Amino acid sequence: MSQKLLEVTNLSMHYDTLDGNVDAVKNVSFTVNSGESFGLVGESGCGKTSVAMTLLQLQPDNSVITEGSIKLEGKELIGLSENDLRKVRWDSISIVFQGAMNAWNPVIKIGEQIREAMREHYPQNSKQENINKINELFKMVGLDESISERFPHELSGGMKQRAVIALALSCDPKIIIADEPTTALDVVIQDQILNEIKKVQNLLGLSLIYISHDIAVIAEMTDKIAVMYAGSIVEIGPTQSVFESPKHSYTRALLDSTPSIRGEKKKLRSLDGEPPSLINEIQGCSFSPRCPSPSSGCKNQSVEMGLIQIGEEHFVDKCCSECV
Amino acid sequence: MENQNIERDIKATLKKNWRLFRQSRLGITGLVIVIFFGFLAILQPILFLTNVWDEATYHPVVGYDAEQVTRTVVECPDEYPTREYETKEDCPRVDEVNIRYLKAFNIQVEVGDLYESNVQPAPPSSRHLLGTDSLGRDIFSQIMEGSQVAFLLGLISAIIGVGISTLLGTAAAFYGGKLDTYLMRQSDLVLMLPSLPFLFIISAFAELKVWHLAIVLGTLGGLGGSVITIKSQALQVKVKPFVDSARITGGSKRRIMFSHILPNVAPLALLYMVFSVTGAIASESVLSFLGLLNIDMSWGIMIYLAQTEGFIFTGLKYWWLILPAGLAVTLLAGGFYLVGRGLDDVFNPRLRRR
Amino acid sequence: MGKNILEVRNLVKHFEVSKSVFSRNKKIVKAVDGISFDIKAGETLGLVGQSGCGKTTTARSLCLLDPKTSGTVNFNNPETSKMESIDEIDDDGIRVFRRNMQMIFQDPYESLNPRWTIKDIIKEPLDIHNIGSLAEREDAIVEILRTVGLTPPENYLKRYPHEISGGQRQRVSIARTLVMKPKFVICDEPTSMLDVSIRISIMDLMLNLAKELDVSYLYITHDLAVARYMCNRIAVMFNGKIVEIAETEELLQNPIHPYTKRLISSIPIPDPSYKRERYEINFDELDKIISNNTDEQMVDVGNEHLVATHDTKGFFIET
């Protein structure tokens, strides 16, 4: 359980664009143990998807990794050749991304598309072996066996997304990255998909990296979370402890702005302002302009950002360690 | 204060679009070509007005300038090789003239005389940068005149064409129903119509001047395929929430069409306009080359003259009669096309790499 | 809160869909299949359901974007203070109706004309209805920008939508909607595309404006947690029908219809220590029962809590 599976240290990455460099990921470090669910939460543009793409080394061509390492079972992924990476992808890490259900090739049957991926990774398997495995996976994610003989347009969004999960599992990965896998779906179907992901994870003992902007989903899905703001992790720790005693103002604000159907109906608090542009280098604390109670050090931006430990496995950015 | 703000905003938008356009090498190449020919077109009247060129010598249509040379009269033999000439092509040499040729014009000379004559067409010289044509007219001046014609024709026909197709395409998308069906069938018909033979027929019945040709080409282009493209763009705009929003508020159909849909179709229309200039310039050259247009001077006419007077099959001996005009047509038509490609990068964000 | 501002009775909207290009027989899709509800002055009614249940179609029929198939819609004409049916009023009446009924759209990136300035966007409704002199219109625009929190207004007037952020755009949408001081606004998931930290400020703004300007909302959303925050009453829609309608807390505490129960049980709770339990139902069966039944009725179980019955025997049997 406590075995380190994925270790990301001091990862920094920027995109080279027409308007200048966009610092999408700044000095991000985290570890994911085997069998653990790790959540990355933040608003759009905070860099969470960039992190996911870098983990698979699938980042766009105009991105530059300036620093850091990504170690999967002790093996460095950054700088690996495309051939070696192909083996790692799906074999060890696979991803279910937002809108993945729309990425099926419309003219090939679902089953054939999954078999294609399996042939790439298990060339020695016979066709029957692959079919048996797909049927097994379909059962796991709550799909009927007959689905593999159907074309994508014959399936509903939820079914397609389940099939994507089956595809992601088809090459026995050790980690699944789920990047907003339910964002385009309805609440009821979201609920079903979340349930399937959790079930499969427990059944196969997988690690899960769950990326979402929805703090309620993260609360249910993960053991450990990292809150991202403007490219940096501002708070990281066990989900329970972060939710019970958030230390960073931004985490606090996220929790306070999420409506719930349970408990007293409370007045929600909003956060003024907008996230900063990542094009210009930010001096000091990136959150201080929106912070409800910035310290004087934050305000004049003399404090450098960096995580400090405040509890068991609970770290917070030192700019905001005493904000809440 | 406010005005400054708008100015700044417009400047910023233009700057951004220019930056995107600049990224496209094709577009910049095209722009350089178009600006070069634009410069030529403007330069000619300036040269005349400032009396750097006098009209009698340099006018593209009625100017005349002859180069005088003195040649020795010889008689070319019937059989080759002889001591002096190896093959038939060697006689007469550049500084000689065949007595039989002069006799044909009833000019009384003897072999060994010196004969003074005009050189038409004359090769490029410092006086005539691109030489003169068979009537002693300055080719460079003709190229400049042709450039004016090409711009005039290309831009007018493009504006007419795009005006028609934008209006019809938007109307087809907005009103739908029978109007849509009619316009689409009409556009199919125009697309099927072989346009060159059609233009031949028109020119047989009417004397086509530049203006007429611009209108005909513009109308043909405007009724054809671009209506379909503009319509599909307008259909996409029509279902946008901001159009719904205007409808909910009670906006009239005219308001929605002219204030909401048209401005959002305009960039695509501009793109089409630039592309259709290319077609217009090429069509003019073909029609002029076939002698079907009543135009004093154009690049097509220049090649037409070279051809009717038999210079076109002389290889590269009279290159200045054909190459400059041919290159000009190719370059300017291609230049507008390349500018279109560059604009495509600006207006179609999907094609952008980042 | 008092008298009704809008009464909808048996609203039906059917679409004809051809099965293929070559077949002649058309399939009828019953997008909205006979729904009835009232909206009281100053109230926010939530319309909640999954995508494809007919929420947006209802909205589009109500604001006359698409003609309804049948049913009646009565609105309280503020000029005569009487309920009038929109099918029976003349053109002037329609103008009054349009002036008092507005809609806020989901997508802040598509709901503002990209080639217009903010000022022109907000001014359009005033131009269309010819309200006030030109100077008065300018004043009204500055005023409403201040009201929706875009201050100082001068900074926004000359800008284009792509120059401001998503949250600010949605504020512009709200400003455009409210500049004519309508009585009734339909909101089609106005915050679902915004970031969480901005979402609440937009919802708070709408709630405050409802009080200040005495506006009623029909708030369409798929998220019950958002609906709870925004709405006085909630109507749950499934397959073109309203299956349950009640005061918000009453609906969340005592759901009766199995679909409502399922919907409530699928909302994630932002509390890691809480273990949510799923209420499972058989959707195929529910679908069959609801679409085969034409004479369901809304039964009042007390406290204006209405539930649809799908057979003559009484309530739907739980699966």
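**Considerations on the nonpolar core**
- One finds Ala166(A), Val227(A), Leu332(B), Tyr219(C) and Val236(C) to be the most contacted residues of the largest nonpolar core, which totals 260 residues.
- Beyond its immediate sequence surroundings of up to four residues, Ala166(A) is in contact with Ile114(A), Ile134(A), Leu137(A), Phe138(A), Val141(A) and Leu143(A).

**Observations concerning the interface of chain C and chain B**
- The partner chain B presents 18 residues to the 19 residues of chain C that form the contact.
- Among the secondary structure elements, those contributing two or more residues to the side of chain C that touches chain B are helix 2 (91-100), strand 6 (101-104) and helix 3 (118-129) of chain C.
- Tallying contributions element by element places helix 3 of chain C first for the side of chain C that touches chain B, with four residues.
- When its residues are assigned to classes, the side of chain C that touches chain B shows eight nonpolar, four polar and seven charged.

**A closer look at the sheet that holds strand 7 (residues 175-179) of chain A**
All names here are of chain A.
- In spatial order, the strands read 6-7-8-3-9-10-12-11; together these eight strands make up an open sheet with mixed pairing. Strands with a single pairing partner mark the edges of an open sheet, and in this sheet they are strand 6 (93-97) and strand 11 (307-311). Across this sheet, the average inter-strand angle for adjacent strands is 20°, counted without regard to direction.
- Sheet analysis places strand 3 (residues 37-41) next to strand 9 (residues 224-229), joined by four bridges and oriented parallel. In the sheet register, Val 41 faces strand 9, and the bridge partner there is Val 227.
- Its contacts with the sheet place helix 5 (residues 157-169) against strand 6 and strand 7, and it is angled at close to 170° to strand 6.

**Some details on unusual backbone geometry**
- The peptide bond linking Thr151(C) to Pro152(C) adopts the cis configuration, its omega dihedral lying at -10°.
- With respect to the helices and strands, Pro152(C) occurs in the loop between helix 4 (134-147) and helix 5 (154-157).
- In this model, Ala230(A) sits at a positive phi of 50°, which is unusual for a non-glycine residue.
- The class of Ala230(A) is buried, set by 23 C-beta atoms lying within 10 Å.

**Quick notes on the interface of chain C and chain A**
- Contacts between the two partners involve 33 residues from chain C and, on the opposite side, 30 residues from chain A.
- Breaking the side of chain C that touches chain A down by element, the ones donating at least two residues are helix 7 (196-213), helix 8 (224-230) and helix 10 (258-265) of chain C.
- If you tally residues by element for the side of chain C that touches chain A, the top one is helix 7 of chain C, at six residues.
- Split into classes, the residues belonging to the side of chain C that touches chain A amount to 15 nonpolar, nine polar and nine charged.

**What to know about helix 9 (residues 225-238) of chain B**
All names here are of chain B.
- Between its first and last C-alpha, helix 9 extends 20 Å over 14 residues, near the 20 Å set by a 1.5 Å rise per residue.
- Every buried residue of helix 9 is accounted for by Ser 226, Val 227, Ile 230, Lys 231, Gln 233, Ala 234 and Val 237. All buried residues of helix 9 lie within an arc of 170° about the axis, which places them on one face of the element.
- Buried residues along helix 9 sit in contact with helix 5 (139-175), helix 6 (177-192), helix 8 (210-223), helix 10 (241-249) and helix 11 (253-289).

**Comments concerning the pairing of strand 7 of chain A**
Residue and element names in this part refer to chain A.
- Buried residues dominate strand 7, accounting for five of its five residues.
- Here strand 7 shows a buried face lined by Ile 175, Ile 177 and Asp 179 and a second buried face lined by Ile 176 and Ala 178.
- Across five bridges, the pairing between strand 6 and strand 7 is parallel. Bridged to Ile 93 within strand 7 is Ile 175.
- Relative to strand 8 (residues 207-212), strand 7 is paired through five bridges, and the arrangement is parallel. Its bridge partner being in strand 8, Ile 176 is matched across the sheet by Leu 208.

**Some remarks on the pairing of strand 10 (residues 241-247) of chain C**
All names here are of chain C.
- Extensive coverage of strand 10 is indicated by the burial of six of its seven residues.
- Pairing of strand 9 (residues 233-238) with strand 10, which is carried by six bridges, proceeds in the antiparallel orientation. Residue pairing in the sheet places Met 237 in a bridge with Ile 242 of strand 10.
- Counting the residues in the hairpin turn of strand 9 and strand 10 gives two residues, including Asn 239, whose phi is positive at 50°.
- Relative to strand 12 (residues 306-309), strand 10 runs antiparallel, the two sharing two bridges. From the neighbouring strand, Ile 245 faces strand 12, where its bridge partner is Leu 306.

**Side note on the sheet that holds strand 1 (residues 67-74) of chain B**
Residue and element names in this part refer to chain B.
- Pairing in this open sheet of three strands is mixed, and the strands run 2-1-3 from one edge to the other. Each edge of the sheet is formed by a strand with only one pairing partner; in this case those strands are strand 2 (96-98) and strand 3 (114-119). Taking each pair of neighbouring strands and ignoring which way they run, the sheet shows an average axis angle of 50°.
- Alignment of strand 1 against strand 3, held across six bridges, turns out to be antiparallel. Bridge assignment links Thr 70 to a residue of strand 3, and that residue is Glu 116.

**Section: the packing of helix 11 of chain B against helix 13 (residues 319-347) of chain B**
All names here are of chain B.
- At a closest axis distance of 9 Å, the pairing of helix 11 and helix 13 adopts a crossing angle of 170°. Considering the angle they form, helix 11 stands roughly antiparallel to helix 13. Residues Pro 267, Leu 268, Leu 270, Leu 271, Val 274, Phe 275, Val 277, Thr 278, Ile 281, Ala 282 and Ser 285 of helix 11 touch helix 13, and the partners they reach there are Val 329, Leu 332, Ala 333, Phe 336, Tyr 337, Val 339, Gly 340, Leu 343, Asp 344 and Phe 347.
- Per-class residue counts for the contact of helix 11 with helix 13 are 17 nonpolar, three polar and one charged.

**Section: the packing of helix 11 of chain B against helix 12 (residues 299-308) of chain B**
Residues and elements named next belong to chain B.
- Running from N to C, helix 11 and helix 12 point in directions that differ by 30°, and their axes come no closer than 7 Å. One element, helix 11, and the other, helix 12, form an angle in the roughly parallel class. As for how helix 11 packs across helix 12, the hand of that crossing is right-handed. Within the contact between the two elements, helix 11 uses Glu 284, Ser 285, Val 286, Leu 287, Ser 288 and Phe 289 and helix 12 uses Trp 299, Gly 300, Ile 301, Ile 303 and Tyr 304.
- Per-class residue counts for the contact of helix 11 with helix 12 are seven nonpolar, three polar and one charged.

The rules behind each value
Residues numbered from 1 in each chain as written. Chains lettered and ligands numbered in written order. Predicted model: local features only at pLDDT ≥ 70, side-chain atom pairs only at ≥ 80, totals over all residues. Core = buried A, V, L, I, M, F, W, Y, C linked by C-beta atoms within 7 Å. Buried ≥ 20, exposed ≤ 12 C-beta atoms within 10 Å, placed from the backbone. Contact = placed C-beta atoms within 7 Å. Helix = DSSP H or I, 4+ residues; strand = E, 2+ residues; numbered from the N terminus. Nonpolar A, V, L, I, M, F, W, Y, C, P; charged D, E, K, R; others polar. Pairing = 2+ DSSP bridges. Axes fitted to C-alpha atoms, helices over the stretch in contact; angles between N-to-C directions. Expected span 1.5 Å × (residues − 1). Arc of directions from axis to C-beta. Parallel < 35°, antiparallel > 145°, perpendicular 65-115°, else oblique. Left-handed = near helix turned anticlockwise from the far one by under 90°.

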